[in-house]
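Next come the chains, spelled out residue by residue.
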Amino acid sequence: MLLDRVKQMLTEKFPEEKISCKTDERNIVTLQGECSDWNTLINIGHAAAAVEGVRNVVSEMTAKGVTIPTRDYEPFIKAGKEIGVIREADVVIIGAGISGCGTARELSRYPLDIVVVEKGDDVAAGASRANNGCIHHGQECKPGTLKARLNVEGNRGYRRWEKELDLNVLDCGALQIIQEESQMPELKKRYEVALRNDVEGAKILTPEETRALEPGLAKTGVPIYAALWLPTQRQIEPYETCVALAENATVNGVTFLFGHNVGDVLTEDGKVTGVITDHGIIKAPYVINAAGVYADDIAKMAGDQFYTIHGRKGTIAIMDKAKVPSYPRLVSQLTPEYHKGKNVESKGGGMHPTPHMNLLLGPSATEVPDKEDNSTTKKDLDYTMTCNQDPNVTSADVIRIFAGVRPADFKEDFIVEMSELTDGFVHVAAIQSPGLASAPAIAKRVVRIVTDDYRKKGKNLVPKADFIAERKAGVRFNQLSHEEQDELIKKDPRYGNIICRCEQISEGEILDAMRSPVPPKSVDAIKHRTRAGMG
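Source: prediction; values computed, not measured.

Colleague: Describe helix α2 (residues 38-50), naming the residues involved and giving the relevant values.
Modeller: With 13 residues, α2 ought to run about 18 Å at 1.5 Å a step, and its terminal C-alpha atoms sit 19 Å apart, in line with that. Here α2 lies mainly inside the structure; 10 of its 13 residues are buried. Residues Trp 38, Thr 40, Leu 41, Ile 42, Ile 44, Gly 45, His 46, Ala 47, Ala 48 and Ala 49 constitute the buried set of α2. Those residues of α2 hidden inside the fold are in contact with α1 (2-13), β2 (28-35), β3 (56-63), β18 (310-319) and β22 (366-368). You can read the cap of α2 off the contacts: a side-chain oxygen lies 3.2 Å from the backbone nitrogen of Asn 39, and it is on Asp 37.

The following block contains the structure:
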């Protein structure tokens, strides 16, 4: 019996903790009781999820001395009911992060009335804003998981998105370096995982090949015995990518509603009928749950919560752009000190160049009870500095620190599927790292779920003939040659008025951002879209 196995595990591994459990016909484990501390609660959830046969875990546990914040949805429900129905649509997407924006854009290929509701004042208001911009290669995902498959598929999908949406992408590749022969079995193991995950171009290099590929290693004198080369690693600006997706989706008919808090998911006879927001009710036969850290709350509203989202905070340090990275490629030296103290459920972060050539260090991975805890701490900052393997970079080069909370479940895998209990409700949940890299594949999977469901119901969705696939990015003044800048200023002098000296952002670019098909709603949104004041 599954229940007996879970109880036995709890007794053997956590004898001091008074935790009760139950299972249902879908092999979902629900845990209850007070744990001695927050990390123990997280460890119990992971241990239960690892028991053979467990599909996922719902935590109703508490931790001694810890307040677990919860959202009060009643005011949103009350406000929405008082206003009444404001819109009827075919699809409502909850959340305008990378998963929500990507799904909206790909679904807009079809003749559907799509509405995206977002509680923040712009796209990428949550974890999609606060990450290191990695289009991960896929080598570090557990083979056989949905996460591994969608990571590799998504990595490839960015080639199309880059071309169609005019994205700013850095092709850097990744080098994982060992310094001693004794580390060779570990490197070969990593290589084998890359092959199992179908990572393209993975190859073990000699020291000579490694230095030829990354000349900076010769200059810094890093000892090299061998290296694993993963050429599909790329870097993007996640905020810019969400804006690009949202703009293209809007041009193709999608409506974005910002500052809209979902209070409830409406159902009738086991079917979705819409959502209640604090600005009114939106009726729709499909609701796509891309709500990030609150995806479990939304699933509960729809009558199908089979997972709990626990927040994992990642802190990232940004280096001064004046400090040119020694390695344009993503370099990881697999020394004992690297990733020392990392969360076992995390890839560990790293040292990443951005398309704008700032160097990022991190992120850390700290389990937090507050899903909106974006504070930074000395401990997390200290961890980010352990990711630094550039001898020319020090903590004195840090110009900004930020943090974001990633949505993890206890199975540590993505959930992208139609609800088994509520028709028309699609889970896009637990999309933590490498969620950004996986976004094209996640969107494609959701499109297939929706179109297949239409087909089962006797309707056939045919792609629109007038779909506009291409979107042109605004002017990137600091990436133009002096001649190109001069020519642009002649046409519009406002591009010659530099508002942000460090990033060389002009008045013209700020005005371009304000004229977006998805106009920014705040000064912060303008700053994020243009990089004005970003250092």
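Colleague: So, the side chain of Asp 413: which residues are in play, and what are the values?
Modeller: Secondary-structure assignment places Asp 413 in the loop between β23 (398-408) and β24 (415-418). One buried charged residue, Asp 413, remains without a salt bridge, the closest side chain of opposite sign being Lys 147 at 5.6 Å. Within the structure, Asp 413 has its side chain in polar contact with the backbone nitrogen of Leu 146 (distance 3.2 Å). Polar contacts involving the side chain of Asp 413 include one to the main-chain amide nitrogen of Lys 147, which spans 2.8 Å. When neighbours within four sequence positions are excluded, Asp 413 is seen to be in contact with Thr 145, Leu 146, Lys 147 and Ala 430.

Colleague: Help me get a handle on the sheet that holds strand β10 (residues 203-205), residues and values and all.
Modeller: If you walk across this open sheet you meet the four strands as β10-β11-β9-β19, and the pairing is mixed. Looking at which strands have only one partner, the edges of the open sheet turn out to be β10 and β19 (330-333). With direction set aside, neighbouring strand axes in the sheet form an average angle of 25 degrees. As paired strands, strand β9 (residues 174-178) and strand β11 (residues 226-230) are joined by five bridges and run antiparallel to one another. Within β11, the position partnered with Ala 174 by the bridge is Leu 230. The strands touched by helix α6 (residues 184-196) within the sheet are β9, β10 and β11, with β11 carrying the most contacts at an inclination of about 15 degrees.

Colleague: Give a detailed account of the pairing of strand β15 (residues 271-277), specifying residues and quantitative values.
Modeller: Most of β15 is tucked away, with six of its seven residues classed as buried. With six bridges joining them, strand β14 (residues 262-268) and β15 adopt antiparallel strand pairing. Residue pairing in the sheet places Val 262 in a bridge with Thr 277 of β15. Of the pairings in the sheet, the one linking β15 to strand β16 (residues 280-283) comprises four bridges and is antiparallel in character.

Colleague: So what's going on with the environment of Asn 392? Residues and values would help.
Modeller: Note that Asn 392 resides in the loop between α11 (378-386) and β23. Taking C-alpha positions, Asn 392 is 19 Å from Cys 172, a pair spaced 220 residues apart along the chain. If we skip the residues at most four places from it in the chain, Asn 392 touches Lys 323, Ser 326 and Asp 397. One polar contact links Asn 392 to Ser 326, side chain to side chain, over a distance of 2.9 Å.

Colleague: Describe the pattern of salt bridges, naming the residues involved and giving the relevant values.
Modeller: Inspection of the entire model under this criterion finds 34 salt bridges. A salt bridge links Glu 200 to Arg 156, with the shortest nitrogen-to-oxygen separation between them at 3.0 Å. Residue Glu 200 is found in the loop between α6 and β10, and its partner Arg 156 is found in helix α5 (residues 146-165); the two are separated by 44 residues along the sequence. The exposure class assigned to Arg 156 is partly exposed, which follows from its relative accessible area of 32%. Note that Asp 453 is salt-bridged to Lys 457, the shortest N-O span being 2.7 Å. Among the residues examined, Asp 453 registers a relative accessible area of 9% and is labelled buried.

Colleague: Tell me about the packing of aromatic side chains, and please be specific about residues and values.
Modeller: Between two aromatic rings, the relevant description is the distance of the centres plus the angle of the planes. Evaluated as defined, the whole model comprises five aromatic pairs. Considering the side-chain rings of Tyr 286 and Tyr 454, the 5.2 Å spacing of their centres and the 15 degrees angle between planes classify their relative orientation as stacked. Of this pair, Tyr 286 sits in strand β17 (residues 286-289) while Tyr 454 sits in helix α12 (residues 435-456); the two residues are 168 residues apart in sequence, bridging distant segments of the chain. Here Tyr 286 matches Tyr 454 in class, with each residue buried. On the basis of an interplanar angle of 90 degrees and a centroid distance of 4.9 Å, the ring pair of Phe 306 and Tyr 307 is categorised as edge-to-face. This pair shows no difference in class: Phe 306 is buried, exactly as Tyr 307 is. Between the NZ or CZ atom of Arg 55 and the centre of the ring of Phe 306, over which it lies, the distance is 4.5 Å. The ring of Tyr 294 is capped by Arg 71, whose NZ or CZ atom sits 5.1 Å from the centre of that ring.

Colleague: Describe the packing of helix α4 (residues 98-107) against helix α9 (residues 238-251), listing the residues and the values that go with them.
Modeller: Where α4 contacts α9, the axes come no closer than 8 Å and their chain directions differ by 30 degrees. In terms of orientation, α4 lies roughly parallel with respect to α9. In this structure, α4 meets α9 at a crossing whose hand is left-handed. Taken together, the residues of α9 that come into contact with α4 (itself represented by Ile 98, Cys 101, Gly 102, Ala 104 and Arg 105) are Thr 241, Cys 242, Leu 245, Ala 246, Asn 248 and Ala 249. Looking at the contact of α4 with α9 residue by residue, the class counts come to seven nonpolar, three polar and one charged.

Colleague: Quick one: what's the story with unusual backbone geometry, residue by residue and with numbers?
Modeller: With an omega of 5 degrees, the peptide bond between Gly 362 and Pro 363 qualifies as cis. Structurally, the position occupied by Pro 363 is in the loop between β21 (359-362) and β22. Cis peptide bonds are those with omega within 30 degrees of zero, and the linkage from Ser 433 to Pro 434 qualifies with 5 degrees. Structurally, Pro 434 can be placed in the loop between β25 (425-429) and α12.

So, how was this worked out
Residues numbered from 1 in each chain as written. Predicted model: local features only at pLDDT ≥ 70, side-chain atom pairs only at ≥ 80, totals over all residues. Heavy atoms only, no water. Helix = DSSP H or I, 4+ residues; strand = E, 2+ residues; numbered from the N terminus. Expected span 1.5 Å × (residues − 1). Buried < 20%, exposed > 50% of the residue type's maximum accessible area, 1.4 Å probe, protein only. Contact = heavy atoms within 4.5 Å. Polar contact = N/O pair within 3.5 Å; in protein donor to acceptor, adjacent residues only side chain to side chain. Lys, Arg positive; Asp, Glu negative; His and termini not counted. Salt bridge = Lys/Arg side-chain N within 4 Å of Asp/Glu carboxyl O. Pairing = 2+ DSSP bridges. Axes fitted to C-alpha atoms, helices over the stretch in contact; angles between N-to-C directions. Phe/Tyr/Trp six-rings, centres within 6.5 Å; stacked < 30°, edge-to-face > 60°. Lys NZ or Arg CZ within 6 Å of the ring centre and 35° of its normal. Parallel < 35°, antiparallel > 145°, perpendicular 65-115°, else oblique. Left-handed = near helix turned anticlockwise from the far one by under 90°. Nonpolar A, V, L, I, M, F, W, Y, C, P; charged D, E, K, R; others polar.

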